[in-house]
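# Architecture and fold: a report
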Amino acid sequence: MTWDITGMAAVANVGATPGEIFAALCAGRESRRPLMAFDPDKYRAAYAYEIDDRPEGGGDLPRRATRWLTTVVRQAADDAGLGEDLAQVPVLVGTTMREQRSLELWWRDGADVALAELHFGTALKAAFGASTTYTFANACSASLYALGMATDMIDLGLADTVVVAGTDAATEGGFGTLDRVQNDLPDALRPFDVTHKGMLMGEGAAAVVVQRAGTGTGPVHARVRGVSMGCDAHHATAPDPGGITRAVLDAHRRAGVRASDIDLVMLHGSGTPLNDTTESSVLRQIFQGAGAGPRMTAIKAMTGHTLGGSGLLSLVMAVLAMKEGTVPPVLGLTDPIPEAAGLGLVQGSPVSGDLAIAQVDAFGFGGINAVAIVEAAR
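Each chain has its residues counted from 1, following the order in which its sequence is written. Per-residue local features are limited, in this predicted model, to residues with pLDDT of at least 70; the limit for side-chain atom pairs, both in listing and counting, is 80 or more; totals at the level of whole chains, interfaces and linings are taken over all residues. Side-chain metrics in this entry use all non-hydrogen atoms of the structure; hydrogen atoms and water are not considered.

So, about the overall build of the protein. Along the protein, the regular secondary structure elements total 10 helices and 15 strands. We compute the radius of gyration over the C-alpha atoms and compare it with the globule rule, which gives 2.2 Å times the number of residues raised to the power 0.38. A compact globule built from 378 residues should have a C-alpha radius of gyration of about 21 Å, and the protein, at 19 Å, falls within 12% of that. Its C-alpha atoms give the protein principal-axis dimensions of about 60 × 50 × 40 Å. Type-normalised accessible area, obtained with a 1.4 Å probe on protein chains alone, sets the label of each residue: buried when under 20%, exposed when over 50%, and partly exposed for intermediate values. Here the protein, with 378 residues, has 59% of them falling under the buried criterion. Segments assigned H or I by DSSP are reported as helices when at least four residues long, segments assigned E as strands when at least two residues long, and all are numbered from the N terminus.

Our focus in this paragraph is the nonpolar core. Take the buried Ala, Val, Leu, Ile, Met, Phe, Trp, Tyr and Cys residues and link them wherever side-chain atoms come within 4.5 Å; each set so joined is a nonpolar core. If you look at the biggest cluster of nonpolar residues, it comprises 86 residues, and the most contacted ones within it are L147, V164, V208, F287, L315 and M317. Per element, the largest residue contribution to this core is 10 residues, and it comes from helix 10 (residues 310-324). Among the nonpolar cores identified, the runner-up in size contains 25 residues, and A9, L86, F120 and A165 belong to it.

The salt bridge definition used is simple: a Lys or Arg side-chain nitrogen within 4 Å of an Asp or Glu carboxyl oxygen. Tallied over the full model, the rule gives 21 salt bridges. Linking R190 and E30 is a salt bridge whose minimum nitrogen-to-oxygen distance equals 2.4 Å. Of this pair, R190 sits in the loop between helix 6 (172-181) and strand 7 (204-212) while E30 sits in the loop between helix 1 (18-27) and strand 2 (33-34), and the two are 160 residues apart along the sequence. Residue R190 is classed as buried on the basis of its relative accessible area of 14%. Judged by its relative accessible area of 38%, E30 falls in the partly exposed class. Note that E84 is salt-bridged to R74, the shortest N-O span being 3.0 Å. Placement of the pair is E84 in the loop between helix 2 (64-79) and strand 4 (91-94) and R74 in helix 2, with a sequence separation of 10 residues. Of the residues examined, E84 reaches a relative accessible area of 44% and is grouped as partly exposed.

On to helix 8 (residues 273-287). By this rule, a helix spans an expected 1.5 Å times one less than how many residues it contains. Taking 1.5 Å as the rise per residue, helix 8 with 15 residues should run 21 Å; its terminal C-alpha atoms sit 21 Å apart, in good agreement. Within helix 8 the residues assigned to the buried category are N275, D276, T278, E279, S280, V282, L283, I286 and F287. For helix 8, the elements touching its buried residues are helix 7 (241-255), strand 9 (264-266), strand 10 (295-297) and strand 14 (357-364). Where helix 8 ends, the next residue or the one after it, G289, has phi of about 80°, a positive value. Pairs of residues are marked as contacts when any of their non-hydrogen atoms sit within 4.5 Å.

Quick look at the pairing of strand 1 (residues 3-12) now. Within strand 1, 10 of the 10 residues are buried, leaving the element largely enclosed by the surrounding structure. A pair of strands counts as paired when DSSP detects no fewer than two bridges linking them. Two elements, strand 1 and strand 8 (residues 222-231), share three bridges in a ladder whose sense is antiparallel. The residue bridging W3 from the neighbouring strand is V224, located in strand 8. Sheet topology note: the strand 1/strand 7 ladder contains nine bridges and is antiparallel. The partner of D4 across the bridge, within strand 7, is Q211.

Here we take up the side chain of R64. Looking at the secondary structure, you find R64 in helix 2. In this structure, R64 is in contact with I51, D53, R54, E99, A169 and E203, ignoring residues within four places of it in sequence.

Right, let's get into the side chain of D276. If you trace the backbone, D276 turns up in helix 8. Only four residue types enter the tally: Lys and Arg on the positive side, Asp and Glu on the negative side, with His and both chain ends excluded. As a buried residue without a salt bridge, D276 has its nearest oppositely charged side chain in K300, at a separation of 8.9 Å. Under the rule applied, a polar contact is a pair of N or O atoms within 3.5 Å (in protein, one hydrogen donor and one hydrogen acceptor; residues adjacent in sequence only if both atoms are side-chain atoms). At a separation of 2.8 Å, a polar atom in the side chain of D276 contacts the main-chain amide nitrogen of F192. The residues contacting D276, other than those within four sequence positions of it, are R190, P191, F192, H196, G269, S270, G271 and I337.

This brings us to the packing of helix 3 (residues 100-109) against helix 6. In contact at an axis separation of 8 Å, helix 3 and helix 6 are set at 100° when each is read in the N-to-C sense. Considering their axes alone, helix 3 and helix 6 lie roughly perpendicular with respect to each other. Contact residues: helix 3 offers Q100, R101, E104 and R108, while helix 6 offers E172, G173 and G174. Interaxial angle, 0 to 180 degrees, is taken between N-to-C directions of lines fitted to C-alpha atoms, where a helix line uses only the stretch in contact. Here the word oblique covers every angle except those under 35 degrees (roughly parallel), over 145 (roughly antiparallel) and from 65 to 115 (roughly perpendicular).

On to helix 1. The complete set of buried residues in helix 1 reads P18, I21, F22, A24, L25 and C26. Buried residues in helix 1 make contact with strand 1, helix 9 (300-303), helix 10 and strand 11 (326-327). G28, located one to two residues past helix 1, shows a positive phi value of around 65°.

On to the packing of aromatic side chains, then. In summary, the pairing rule links any two rings of Phe, Tyr or Trp, Trp by its six-membered ring, whose centres are within 6.5 Å, and it sorts them by plane angle into stacked for under 30 degrees, edge-to-face for over 60 and tilted for everything else. Tallied over the entire structure, the rule returns three aromatic pairs. Taking 5.6 Å as the distance between ring centres and 55° as the angle between the ring planes, the aromatic pair formed by F38 and F175 counts as tilted. Here F175 lies in helix 6 and F38 lies in the loop between strand 2 and strand 3 (47-48), a separation of 137 residues in the sequence. Comparing F38 with F175 shows no difference in burial state: the two are buried. Plain terms: the ring middles of Y43 and F175 are 5.4 Å apart, the flat faces sit at 80° to each other, and that makes the pair edge-to-face. Here Y43 is found in the loop between strand 2 and strand 3, whereas its partner F175 is found in helix 6, with 132 residues between them in sequence. The pair formed by Y43 and F175 is uniform in burial state, with each residue classed as buried. Note on geometry: a ring has a charge over it if NZ (lysine) or CZ (arginine) is within 6 Å of the ring centre and within 35 degrees of the ring normal. Residue placement shows R32 over the ring face of Y47; its charged tip is 4.3 Å from the ring centre.

Structural data, given as structure tokens:
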């Protein structure tokens, strides 16, 4: 069974539409900036991948994650021809931090934030009349979890159309925690390169409209073939090779594909030594003997880690890569780690090819893993 993707939208530090973001990825433009949201004197890390939408003169605004969410939901719904009345359409949101940044601003600066405004459902109901909304705080896999839930809802006959979204703004609590627990000091997020030192936060949101196959009225961007979801609970932060292997193989099983069928892998690629070595080792084993193997890229090298929405943002970029027949490179990847030897990591400049099936990885703290398989619409 497949599910049609009929609408897409995204916003990140490098663009306000999927096309802008994809063009920036292909151009390989360095996008990190000196930290804007928080006092850099408090932290070792001096850079982040933030969206530049704050007032001139500095400071921060509440409800940024909510504003990006309503923006991408509106654009994706319009792209799918749904309009702005989503009263009968479930909206599923994946996130890591929800509106924690707004709570920080209320506590520290007395920002005007009502309790109801901390829930994404409040804004979705006000903007679109959405009466069925769910928020999944499943760490960095959240938006792919939401995608899997959407396909389940359609299969069970609960809906023919579901909007799936992910959103996160950088929070000081999250940034400060990462700054203290990472062993090294990253000045850029450089996944799979021997110089990688850790994760840096990014910001953004993405949304897709998923419909029962053949029920939409407009063009189909791509098709979801299968989504795996699981939690191995191996460790609070360290990824488990066994758990990630099970997630990938379960996604292949659900999608009815073999490793040799995969043309593109959108890597989780968080830039931490543990993630990069584990993900590389697992994929080397899975794709061993699968011919030349798929092309692989990791967009966090340009967008930073956009947390709960990162999986869905990678999925939207995978759809565009299949449409354009182009895979953007991993920015800054010049000397891959030994564990990545033999993998088809794209370096330096984009590569062209016939791309029909893509795998999208999202691995979160606590072993919360999700993998989606999407197919080009042809």
